[in-house]
Amino acid sequence: MKASKILVLAVAASAFAAFVVFDLGRFLSLEALRQSQAALAQSYSENPWTLRALFFLVYLAVASLSLPGAAILTLAGGGVFGLGWGLLLVSFASSIGATVSFLAARFVFRDAVQARFSARLKDINQGVAQDGALYLFSLRLIPVVPFFVINLAMGLTTMRTRTFYWVSQLGMLAGTAVYVNAGTRLAELQSLKDIASPQLLGAFVLLGVFPLVAKALMNFIQQRKVYARWNAVRPKTFDRNLIVIGAGAGGLVSAYIAAAVKAKVTLVEAHKMGGDCLNYGCVPSKALIKSAKLAHQMQHAERYGLHSAPRTSDGRQNLFSFKAVMQRIHDVIAAIEPHDSVERYTGLGVEVLQGYAKIINPWTVEIALNDGGKQTLTTRSIVIAAGARPFVPPLPGLDEVGYVTSDTLWDEFAKLDEVPQRLVVLGGGPIGCELAQSFARLGSAVTQVEMAPRIMAREDAEVSELAAHALRADGVDLLTSHKALRCEIVNGEGVDGEKVLVVEHAGVEKRIAFDQLLCAVGRSARLAGYGLEELGIPTHKTVQTNEYLQTIYPNIYAAGDVAGPYQFTHTAAHQAWYAAVNALFGDFKKFKADYSVIPWATFIDPEVARVGLNEQDAKEQGIAYEVTKYGIDDLDRAIADSEAHGFVKVLTVPGKDKILGVTIVGTHAGDLLAEYVLAMKHGLGLNKILGTIHTYPTLAEANKYAAGEWNRAHQPHQLLEWVRKFHDWKRG
């Protein structure tokens, strides 16, 4: 801590110590005030300005140092100076003193607190920025929370000093007036309780409700303002209760909920029902992963006591037809399609229109139908669930050499007779890792290029290292800290039309020849083409929403990848519940989207699954934690399955079994994680998991054994020593 901050603390501590040591509080009692009232009145008549200045300075010191006795001084202001001067002096002295206390707390503590608890304070800072004045005004009006606590707490936030001062000045005025007025009849008061009568407290409570009413009024005014330019086109009646744009996970769930509660709902989808997950993401990639894993097991059948597939004359194992693998993927998609089909949702009561939707105004959607027609519908509310698309980097020469994305590869590779011989995968995130490993297992010579120092950077370093080891073991040439510079087509010197990716590492360029290039560097929300720009709805990588998933227009919501902050199918469905319920019933009750327990998994082999904090998150956010780790190499079922690798790592509150986060690396990690998701959602600790019977032999026992590791590390050793002595005594 800097010397200047230490000096401020020393001055405050010295002043408080002097107040206690010299018992200065005896002068700030009701009895002492009554006894000195006559002398003070005489002094005031002789030297009014001197006494006013002295009183102001004393009050300022008491308020600045948060010393007890401010209430008595407020009474003294009324008893000595009368209501007018007393209110003037006390109001300004208390507000300035509170601001000094606020600034002192800010100067000494704020930087350290904000740095240590930045993640926890993020929401508080946002709340202060948006509604801080109203919150402070409410606290000042209701004399329940001690004012010195408010001063110090607000000093730790990002509230502007000017805002703090004027809100304090205004908010404390009513209470100050009551106490100063009571001081004018000082002789009648027996205790401070005589001031705070039930009627007066009731009046304060009513005053305290005022900020809430004011906030509601401000929201109403803001809504009128944002809708002002559309008032002339607002319909008197509406064709629909809800229109949903996009039939991915978010859109399907929103439409389903609306139909289930008998609302009239229209779902608009321009392309394929089921969205990215069914057609390009979760479903096809997991089908590919399954085929690739089985091929890998067949290639290494000796690990299971079996004979590996025979090799051909060129040394390759003829295990499968790549065309058949790709056909199976499309068969899997076709088998699941009915779950998300037009027919199913029509049967549920949803009107499904296939075409491009555009929001014309906050209540009107125009649909350019795929069959060439056009339909315009009015609606009470809209849910935007437009999803995301693969991000294609602006790499020179990329269009010339050609590329596929995680969306297009399923159709493009289905045209191939053989697996791509040389495949370059750009990106070291979950999608890139899953596809790189799968195609390597199917026989491609895969080169994976990642610009960052490690793959799967959101996970702990040891997880990234384990994932990298698994990919390299399957033949992936993993190049981290390599930046893609450009693509070229090389002609001459025995090659004609060879495609090359040029990368840079440590200042040196490297050339990688390939047959196919897969861009898997992330996905970006679909933000253009359906009216956001015309309506002025703010976007920054995603559609900006509040905690209720509302845009600046309270009747227009967003859910799923287009809204963020997560790009998972399960979070899209999760958000869709909030968006649909708030859109349909928000006039009565709105629900804030809950992101407290969000799980996810990367389906490489071994799988990586996580919920809550990992170690790097906890360190970045300054959250104290303990680590408990159980190695799956010790698990009976994993050994029997020849899958004995990976671990369960649990972060807990120090000294307690409360779970902060879990990372599981191993076979079926995504399935094993569910037990921890349930525990965290409902506040269950590791002891509850330890006390739950798990079937033997199963992989799920890993969760119980991890809880056992925590319990063993927190045994009451002193008590057990006494128990040992008891058993010794029992044996005689």
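Only a predicted model underlies this, so the values are computations on that prediction, with no experimental measurement involved.

A.B. asks: Help me understand the sheet that holds strand 10 (residues 477-479), please; the structure alone is not making it clear to me.
C.D. replies: The pairing of strands in a sheet comes from backbone hydrogen bonds and takes either a parallel or an antiparallel form. Reading across the sheet, the 5 strands line up as 7-14-8-9-10 and stay open at both edges, with parallel pairing between neighbours. Edge positions in the sheet fall to strand 7 (404-405) and strand 10, since each has one partner strand and no second. One ladder, built from 5 bridges, connects strand 8 (residues 422-426) with strand 9 (residues 445-449); its direction is parallel. Bridging from a neighbouring strand, Arg-422 pairs with Ala-445 of strand 9. Where helix 17 (residues 430-441) meets the sheet, its contacts fall on strand 8, strand 9 and strand 14 (516-519), and the angle it forms with strand 9 comes to roughly 165°.

A.B. asks: What should I look at first to understand helix 25 (residues 701-713) in this one?
C.D. replies: An α-helix turns once every 3.6 residues. As a result, residues three or four positions apart point the same way. Taking 1.5 Å per residue as the helical rise, helix 25 with its 13 residues ought to reach 18 Å, and the 18 Å between its terminal C-alpha atoms agrees with that figure. Turning to helix 25, its buried residues number three or more, namely Glu-701, Ala-702, Asn-703, Ala-706, Ala-707, Gly-708 and Trp-710. Residues of helix 25 that are buried make contact with strand 21 (626-631), strand 22 (647-652), strand 23 (659-666), helix 23 (669-681) and helix 24 (686-690).

A.B. asks: Would you take a moment to explain the nonpolar core for this structure?
C.D. replies: Soluble globular proteins tend to bury their nonpolar side chains together. Ranked by size, the top nonpolar core spans 40 residues in total, and within it Leu-288, Leu-409, Trp-410, Phe-413, Phe-439, Leu-442 and Val-446 carry the most contacts. Listed by contribution, the elements that provide at least two residues to this core are helix 12 (282-299), helix 13 (322-336), helix 16 (409-413), strand 8, helix 17 and helix 18 (461-473). With sequence-adjacent residues up to four places away left out, Leu-288 is seen in contact with Val-325, Ile-329, Trp-410, Leu-435, Ser-438, Phe-439 and Leu-442. Formed by 29 residues, the second largest nonpolar core is a distinct cluster that contains Ile-367, Leu-535, Val-543 and Ala-558.

A.B. asks: I tried to follow the packing of helix 12 against helix 17 on my own but got confused; where do I start?
C.D. replies: For any two helices packed against each other, the geometry is given by the interaxial angle and the distance between the axes. Interhelical geometry of helix 12 versus helix 17 gives an angle of 40° and a closest axis separation of 8 Å. Judged by the angle between their axes, helix 12 and helix 17 are oblique. Of the two elements, helix 12 crosses helix 17, and the hand of that crossing is left-handed. Residues Ser-285, Lys-286, Leu-288, Ile-289, Ala-292, Lys-293, Ala-295, His-296 and Gln-299 of helix 12 pack against Glu-434, Leu-435, Ser-438, Phe-439 and Arg-441 of helix 17. Among the residues forming the contact of helix 12 with helix 17, the class breakdown is 6 nonpolar, 4 polar and 4 charged.

A.B. asks: Is there a simple way to think about the side chain of Glu-269 in this case?
C.D. replies: Within the secondary structure, Glu-269 sits in strand 2 (residues 265-269). Despite its burial, Glu-269 pairs with no opposite charge, the nearest such side chain being Arg-526 at 7.5 Å. Reaching out from Glu-269, the side chain makes a polar contact with the backbone nitrogen of Ala-247 at a distance of 2.8 Å. Aside from chain neighbours lying at most four places away, what touches Glu-269 is Gly-246, Ala-247, Gly-248, Leu-353, Gln-354 and Gly-355.

A.B. asks: Looking at this model, I keep getting lost on a nonpolar patch on the surface. Mind explaining?
C.D. replies: Judged by side-chain polarity, Trp-49, Trp-85, Leu-88, Phe-92, Ile-96 and Val-100 come together as a nonpolar surface patch covering roughly 550 Å² of accessible area. Counting residues per element, the nonpolar patch draws most heavily on helix 4 (residues 70-116), which supplies 5 residues. Along the polypeptide, Trp-49 turns up in helix 3 (residues 48-64).

A.B. asks: I keep staring at unusual backbone geometry and nothing clicks. Help me out?
C.D. replies: If a residue is not glycine, its phi is most likely negative; likewise, a peptide bond is most likely trans. With an omega of 5°, the peptide bond between Asp-605 and Pro-606 qualifies as cis. Residue position: Pro-606 is located in the loop between strand 19 (599-602) and strand 20 (607-612). Each neighbour pair has its own omega, and for Tyr-696 with Pro-697 the value is -10°, a cis peptide bond. Residue placement: Pro-697 occurs in the loop between helix 24 and helix 25. Phi is positive for Met-456, which is not a glycine, with a value near 50°. Following the sequence through the fold, Met-456 ends up in the loop between strand 9 and helix 18. Even without being glycine, His-668 reaches a positive phi, approximately 55°. Along the chain, His-668 turns up in the loop between strand 23 and helix 23.

A.B. asks: Explanation requested: the environment of Ala-440 in the structure shown.
C.D. replies: Within the secondary structure, Ala-440 sits in helix 17. Judged by its relative accessible area of 11%, Ala-440 falls in the buried class. Along the primary structure Ala-440 and Leu-471 are separated by 31 residues, whereas in three dimensions their C-alpha atoms are 8.5 Å apart. With residues up to four places along the chain from it excluded, the contact list for Ala-440 reads Val-446, Asp-474 and Val-476.

A.B. asks: Just checking my understanding: could you explain the environment of Gly-127 for this structure?
C.D. replies: By secondary structure assignment, the location of Gly-127 is in helix 5 (residues 118-141). Residues Gly-127 and Ile-512, spaced 385 residues apart in sequence, show a C-alpha to C-alpha distance of 50 Å.

A.B. asks: Help me out: how do you make sense of the pairing of strand 13 (residues 508-514) in this one?
C.D. replies: Consecutive side chains of a regular strand alternate in pointing toward one face of the sheet and then the other. Across 7 bridges, the pairing between strand 12 (residues 495-505) and strand 13 is antiparallel. Considered in strand 13, the bridge of Val-500 is made with Ala-513. Connecting the antiparallel pair strand 12 and strand 13 is a turn made up of 2 residues, with Ala-506 showing a positive phi of about 55°.

A.B. asks: Please explain the pairing of strand 12 as it appears in this structure.
C.D. replies: Looking at chain direction, strand 11 (residues 483-492) and strand 12 are connected through 9 bridges and run antiparallel. Bridging across to strand 12, Lys-483 finds its partner in Glu-504.

A.B. asks: Would you mind showing me how to read the packing of helix 4 against helix 8 (residues 173-183) here?
C.D. replies: At a closest axis distance of 7 Å, the pairing of helix 4 and helix 8 adopts a crossing angle of 105°. Regarding the angle of helix 4 to helix 8, the classification is roughly perpendicular. Touching Ala-71, Thr-74, Leu-75, Gly-78, Gly-79, Gly-82, Leu-83, Gly-86, Leu-87, Val-90 and Ser-91 of helix 4 are Leu-173, Thr-176, Ala-177, Tyr-179, Val-180, Asn-181, Ala-182 and Gly-183, all from helix 8. The residue makeup of the contact of helix 4 with helix 8, split by class, is 10 nonpolar, 9 polar and no charged.

A.B. asks: Explain the sheet that holds strand 11 here, please?
C.D. replies: Taking strand neighbours across the sheet as the criterion, the 3 strands line up as 11-12-13 in an open arrangement whose pairing is antiparallel. Taken across any chain shown, the strands that pair with only one partner, and hence form the sheet edges, are strand 11 and strand 13. Adjacent strand axes in the sheet meet at a mean angle of 30° when their direction is disregarded.

A.B. asks: Would you explain the pattern of salt bridges in this entry?
C.D. replies: When the charged atoms of two side chains lie near each other, side chains of opposite charge can form a pair. Scanning all chains against the criterion turns up 29 salt bridges. With a closest N to O distance of 3.4 Å, Glu-434 and Lys-286 form a salt bridge. Here the residue Glu-434 occupies a position in helix 17, and Lys-286 occupies one in helix 12, the gap between them amounting to 148 residues. Residue Glu-434 is classed as buried on the basis of its relative accessible area, which comes to 8%. Arg-637 is the partner of Asp-641 in a salt bridge, and the nearest nitrogen-oxygen pair spans 3.0 Å. On the basis of relative accessibility, which here comes to 28%, the residue Asp-641 falls in the partly exposed class. Taking relative accessible area as the criterion, Arg-637 reaches 31% and is therefore assigned partly exposed.

Rules used in this analysis
Residues numbered from 1 in each chain as written. Predicted model: local features only at pLDDT ≥ 70, side-chain atom pairs only at ≥ 80, totals over all residues. Heavy atoms only, no water. Pairing = 2+ DSSP bridges. Helix = DSSP H or I, 4+ residues; strand = E, 2+ residues; numbered from the N terminus. Contact = heavy atoms within 4.5 Å. Axes fitted to C-alpha atoms, helices over the stretch in contact; angles between N-to-C directions. Expected span 1.5 Å × (residues − 1). Buried < 20%, exposed > 50% of the residue type's maximum accessible area, 1.4 Å probe, protein only. Core = buried A, V, L, I, M, F, W, Y, C linked by side-chain atoms within 4.5 Å. Parallel < 35°, antiparallel > 145°, perpendicular 65-115°, else oblique. Left-handed = near helix turned anticlockwise from the far one by under 90°. Nonpolar A, V, L, I, M, F, W, Y, C, P; charged D, E, K, R; others polar. Lys, Arg positive; Asp, Glu negative; His and termini not counted. Salt bridge = Lys/Arg side-chain N within 4 Å of Asp/Glu carboxyl O. Polar contact = N/O pair within 3.5 Å; in protein donor to acceptor, adjacent residues only side chain to side chain. Patch = residues over 30% accessible without salt bridge, like charges linked within 9 Å, V, L, I, M, F, W, Y side chains within 5 Å. Areas by Shrake-Rupley, 256 points an atom, 1.4 Å probe, with all protein chains shown as cover.

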